[in-house]
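Okay, here's what each chain looks like letter by letter:
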Amino acid sequence: MKETLQSLQQKQITVIGDSIPKGLYLENKKICRIEQNAVSILAQTHGLSIENNSQFGQTLKKSYEKGFFTTFLAEQKGASVLVISLGGNDCDYDWKSVAEHPYAGHQPNTPLPEFEDLLKTVTLQLKNAGISPVFTALPPIDSFRYFQNVISSRANGERVLEFFHGDITNIARHQECYNLAILKNAVLNGCRFLDYRSPLLLQPDYLSYLADDGIHPNQKGHLAIAEFCKKYIDRHFVAERIRVG
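Residues numbered from 1 in each chain as written. Predicted model: local features only at pLDDT ≥ 70, side-chain atom pairs only at ≥ 80, totals over all residues. Heavy atoms only, no water.

Confidence in the prediction of the protein chain, expressed as mean pLDDT, is 93, and 95% of residues score 70 or more. A low-confidence stretch, residues 241-245 stays under pLDDT 50, and its non-local contacts, those more than four residues away or across chains, total zero contacts. (pLDDT = per-residue confidence, 0-100. Contact = heavy atoms within 4.5 Å.)

Written as structure tokens, this is what we have:
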């Protein structure tokens with residue numbers, strides 16, 4: 001039996017995420033914000049109570065080490081929903097170090113095996129406390145835009161290109177592995193997974209949904225994510241009918 005929209009509206013929804021659910025993006029090396037982001041849009045259109053604890057640069061590893069999930073469990077009251085929207089920064093690298101030694105054995109912020117272990121640990125911690133977390137997909141990215149507008153502004157692009165063995169598309173393929181890890185963890189543990197990645201990838205002009213940094217959704221992208229989530233809610237949470245007479 002489906003839950004009702006009214007029951008969802010009565011729950012406290014908490015988001016632990018990175019810059020994407022916060023509506024942040026980079027432009028000319030500055031952090032900018034989209035006020036009408038997907039989270040704020042859903043709160044408004046569906047009357048949801050959402051506490052958005054997302055932060056720029058946040059990773060699953062840092063969230064776990066700082067005790068964010070333990071704190072959530074200690075503070076959550078009654079019916080609560082936890083949305084975890086992390087992974088994009090876990091798969092990122094220290095590009096200055098990469099440029100200095102492009103042929104060294106560099107590891108991302110959270111190596112994939114460790115990321116998978118952390119996903120499992122966090123999920124079991126929450127489920128053992130009676131909370132089944134909701135996971136979100138990672139949005140598709142543009143390797144070339146990210147390389148040109150972000151990586152090359154932080155480090156020597158030519159040296160980083162040596163690390164990629166001349167193939168910039170390594171960036172998107174690497175990120176895809178982390179998205180797949182999130183999906184597999186959600187499926188194996190019976191958790192909801194909001195796959196707004198696929199609808200974006202199916203758009204012939206999906207690059208127009210990304211900010212100039214190549215990794216964050218722009219306003220158009222947030223509207224598309226919000227629309228996917230609206231349809232998801234409408235499909236899984238039915239509105240109560242008003243009885244007359």
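For the rest of this paragraph, the subject is the pairing of strand E6 (residues 80-85). Across the six residues that make up E6, a large majority, six, are buried. Here E6 shows no split at all, with Ser80, Leu82 and Ile84 on one side and Val81, Val83 and Ser85 on the other all buried. (Buried < 20%, exposed > 50% of the residue type's maximum accessible area, 1.4 Å probe, protein only. Helix = DSSP H or I, 4+ residues; strand = E, 2+ residues; numbered from the N terminus.)

Tallied over the entire structure, the rule returns zero disulfides. Cysteine 229 provides the cysteine sulfur closest to cysteine 191, a residue in no disulfide bond, and the two sulfurs are 16 Å apart. A residue is classified by how much of its surface remains accessible, and cysteine 191, at 11% relative accessible area, is buried. (Disulfide = S-S within 2.5 Å.)

What follows covers the nonpolar core. With 24 residues, the main nonpolar core has Leu60, Phe69, Leu82, Ile84, Leu126 and Phe135 as its most contacted residues. Elements with a minimum of two residues in this core: helix H5 (68-75), E6, helix H7 (112-128) and helix H10 (170-188). For this core, the element with the most residues is H7, which contributes five residues. Once residues lying within four places of it in the same chain are set aside, the contact partners of phenylalanine 69 are Ile16, Leu60, Ser63, Tyr64, Leu82, Ile84, Leu86, Val122, Gln125 and Leu126. (Core = buried A, V, L, I, M, F, W, Y, C linked by side-chain atoms within 4.5 Å.)

Overall, the coordinates contain seven salt bridges when judged by the stated rule. With its nearest N and O atoms 3.4 Å apart, the salt bridge here joins glutamate 114 to lysine 61. Residue glutamate 114 is found in helix H7, and its partner lysine 61 is found in helix H4 (residues 60-65); the two are separated by 53 residues along the sequence. The class for glutamate 114 is partly exposed, based on a relative accessible area of 30%. For lysine 61, a relative accessible area of 23% corresponds to the partly exposed category. For arginine 173, the salt bridge is made with aspartate 167, and the minimal N-O distance between the two is 3.4 Å. When its relative accessible area of 43% is taken as the criterion, arginine 173 is described as partly exposed. Taking the relative accessible area as the measure of exposure, aspartate 167 reaches 29% and is therefore partly exposed. (Salt bridge = Lys/Arg side-chain N within 4 Å of Asp/Glu carboxyl O.)

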